[in-house]
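# Tertiary structure, described
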Amino acid sequence: MERSLELGNVTRVQEFVLLGLSMSPETREVLFAVFLTLYLLTLLENALIVFLVCSHTELHKPMYFFLGNLSCLEMCYVSVTMPSLLVGLWMGPYHVPFTACMTQLFFFITLICTECTLLASMAYDRYVAICRPLHYPLLMQPQVCLGLAGTSWLGGLLVSVAKTVCIASLSYCGPNVLNHFFCDVSPLLNLSCTHVALTELVDFLSAIIILWGSLLVAIASYVAIGRAVLHMPSAAARCKAFSTCASHLVVVGIFYSAALFIYARPSRIEAMDLNKVLSVVYTVATPMCNPVIYCLRNREVQAAFRRALRGS
């Protein structure tokens, strides 16, 4: 389980044990079938959205461009976390090499930070569409959309590099049991036997820049949208404007509520069972529900889906 390396007087942990969702074997078998179904359904839903956005010119709009990016992200996101959850449900607690754990952590941080900034970009898109409709074609040109999406992915990548390097450079002397179903920041910090002040500072700064920064952009956008909607002359116009934002607002609320509780503070989280429950919300439930909330109830997407079925 451990291989000793002489680094002064420190014994380095070379693998971790993921406890997963610890429970009876019978319950794990049922949950394995449930989560496998949810995983495949999530991949199918998001792949469908990407296909529709790419193949139908009427969906070549900024809103659907960002939704396509989000769907690509969600497919990567669930493919980073769900396989380890499924392995844990199938096998029970299992061993993960140190390098594999850090690799999973790197991709997970990249994707969660990218999602934060993508959600903020989508909120800004809705702000421009409702509050400055005459300037929308100019302010949301394809180059601007590409820049916002590219910045989201690049920002997530850079933050992930910094955080992963800091966490990987810590000393893990044992025990090596992670009370989680994937390699996450908080359970890894709990196992470190060295001073984690620098790592927690990096975690804190990244939370301010990415998490709080993108949340403030989303809040500011929706405050402006709310004021604009209240000043619209007719109830029909207000309902139409609100309907274009309601789905995004729901997803933002669910995602940020869970993410802020876990990641917004730089301290180690001790309530790991609650941490695992909240992690299931934004690593399993949110990616599965996003296509339904965002697109599959959208009339333009429904029309494109019907045309795709007729064309096949």
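Look a little higher up for the structure.
The following paragraphs examine the structure supplied in this document. The structure presented is a predicted model; accordingly, all values stated were derived computationally and were not measured.

## A closer look at the state of the cysteines
Counted according to the given criterion, the structure contains 2 disulfides. Across the disulfide from Cys101 sits Cys183; the S-S distance is 2.0 Å. Here the disulfide of Cys101 and Cys183 is left-handed, its torsion about the S-S bond being about -125°. Highlighted residues: Cys101 in helix H3 (residues 98-131) and Cys183 in the loop between strand E5 (177-178) and helix H6 (185-191), separated in sequence by 82 residues. A sulfur-sulfur distance of 1.7 Å marks the disulfide that ties Cys173 to Cys193. Measuring the twist about the S-S bond at about 55°, one finds the Cys173-Cys193 disulfide to be right-handed. In this pair, Cys173 is assigned in the loop between helix H5 (142-168) and E5 and Cys193 in the loop between H6 and helix H7 (197-230), connecting sequence segments 20 residues apart. With a relative accessible area of 27%, Cys173 lands in the partly exposed category. Listing the disulfide partners of the protein chain by sequence rank of the bonded cysteines yields 1-3, 2-4.

## Quick notes on the packing of H3 against H5
Where H3 meets H5, the axes come as close as 7 Å, and the angle between the chain directions of the two elements is 145°. Between H3 and H5 lies a crossing of right-handed hand. Tallied by class, the residues present in the contact of H3 with H5 amount to 17 nonpolar, 8 polar and 1 charged.

## Details of the pattern of salt bridges
Any two side chains of opposite charge can pair, so long as their charged atoms come close to each other. Evaluated as defined, the whole model comprises 3 salt bridges. Across the salt bridge formed by Asp125 and Arg126, the nearest N and O atoms sit 2.9 Å from each other. The exposure classification of Asp125 matches that of Arg126, with both residues buried.

## Focus: the packing of aromatic side chains
Per the counting criterion, the structure on display carries 11 aromatic pairs. Centre to centre, the rings of Tyr77 and Phe108 are 5.9 Å apart; their planes meet at 20°, and the pair counts as stacked. Note that Tyr77 is positioned in helix H2 (residues 62-91) and Phe108 in helix H3, a separation of 31 residues in sequence. Look at Phe108 and you get buried, because its relative accessible area is 1%. With a centroid separation of 6.2 Å and 35° between ring planes, the pair formed by Tyr124 and Tyr127 is classed as tilted. Taken together, the residues span about one helical turn, with Tyr124 and Tyr127 both in helix H3 at a distance of 3 residues. Three or more aromatic residues joined by ring pairs make a cluster, and in this case those are Tyr77, Phe108, Phe181 and Phe182.

About the thresholds
- Residues numbered from 1 in each chain as written.
- Predicted model: local features only at pLDDT ≥ 70, side-chain atom pairs only at ≥ 80, totals over all residues.
- Heavy atoms only, no water.
- Disulfide = S-S within 2.5 Å.
- Helix = DSSP H or I, 4+ residues; strand = E, 2+ residues; numbered from the N terminus.
- Buried < 20%, exposed > 50% of the residue type's maximum accessible area, 1.4 Å probe, protein only.
- Axes fitted to C-alpha atoms, helices over the stretch in contact; angles between N-to-C directions.
- Left-handed = near helix turned anticlockwise from the far one by under 90°.
- Nonpolar A, V, L, I, M, F, W, Y, C, P; charged D, E, K, R; others polar.
- Salt bridge = Lys/Arg side-chain N within 4 Å of Asp/Glu carboxyl O.
- Phe/Tyr/Trp six-rings, centres within 6.5 Å; stacked < 30°, edge-to-face > 60°.

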